[in-house]
Amino acid sequence: ATFTRYSLPWITFPARAAPDDPGHANAAFLLNAPLDIFADLEAHPEFASHLRRLHGLKQRTYPFLYGGAFSDGEGFELEASDVTKVLAKSYLEPCRSTVVVVNRGGQAEQAELRFPSAPEAATLTHYRLDGGASRAEPGVARVQFRLQAFDVSVLVLDGCGDSA
């Protein structure tokens, strides 16, 4: 039997952390779900480091996640080298689309994200798990990028002109 756990945006479902699977923590981030940690993080320093990076990314992007309405795939198109490992969900506002893209796998993957109905003057900002961020020239509504193993990116397309 197959069991699928789904996040409803108006109900909070915590996910249990799995120290041997950073991709599981990424999936929780994708769904904006809190992560319950019962493991001794001192015994799992690489996982603890991954959680610190996820926390840093959440600190930089939470206004876009909590301000938007959750959607499985509305407002964007994703192509990925492995669609079973690279997943994306969107958080939509009247003039802003935020897309979280995660790599649940242990190998690097390629991805291309497109915003087909983006306004011409919209700006696209790419927030990365490594702490970096980059902004594309206005009018760019497509980005190709490489997701490292267990990587996460948050892309914000702002058509309002007030992106952070």
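Check the entry above for the structure.
As the structure is a prediction and not an experimental result, all values here were calculated from the model. (Residues numbered from 1 in each chain as written. Predicted model: local features only at pLDDT ≥ 70, side-chain atom pairs only at ≥ 80, totals over all residues. Heavy atoms only, no water.)

Peer 1: Before we go on, may I ask you to explain the packing of aromatic side chains in this structure?
Peer 2: We describe a pair of aromatic rings using the distance from one ring centre to the other and the angle between the two ring planes. Here the structure, examined in full by the defined rule, presents two aromatic pairs. Taken together, a centroid distance of 5.9 Å and an interplanar angle of 35° make the contact between Phe64 and Tyr127 tilted. On the criterion of sequence distance, the pair formed by Phe64 in helix α2 (residues 45-67) and Tyr127 in strand β8 (residues 123-128) is long-range, its members being 63 residues apart. Each member of the pair Phe64 and Tyr127 is classed as buried. In this structure, Lys58 packs its charged tip against the face of Phe29, placed 5.1 Å from the ring centre. (Phe/Tyr/Trp six-rings, centres within 6.5 Å; stacked < 30°, edge-to-face > 60°. Helix = DSSP H or I, 4+ residues; strand = E, 2+ residues; numbered from the N terminus. Buried < 20%, exposed > 50% of the residue type's maximum accessible area, 1.4 Å probe, protein only. Lys NZ or Arg CZ within 6 Å of the ring centre and 35° of its normal.)

Peer 1: It is not clear to me how the state of the cysteines should be interpreted in this structure. Could you clarify?
Peer 2: By definition, a disulfide is the covalent link that joins the sulfur atoms of two cysteine residues. Under the criterion given, the structure shown has one disulfide. Here Cys95 engages in a disulfide with Cys160; their sulfurs sit 1.4 Å apart. Judged by the sign of its S-S torsion, about 80°, the bond between Cys95 and Cys160 is right-handed. Of the two residues, Cys95 sits in the loop between β5 (86-93) and β6 (96-103) while Cys160 sits in the segment after β11 (152-158), which places them 65 residues apart along the sequence. On the basis of relative accessibility, which here comes to 34%, the residue Cys95 falls in the partly exposed class. Accessibility expressed as a relative area gives 37% for Cys160, which makes it partly exposed. (Disulfide = S-S within 2.5 Å.)

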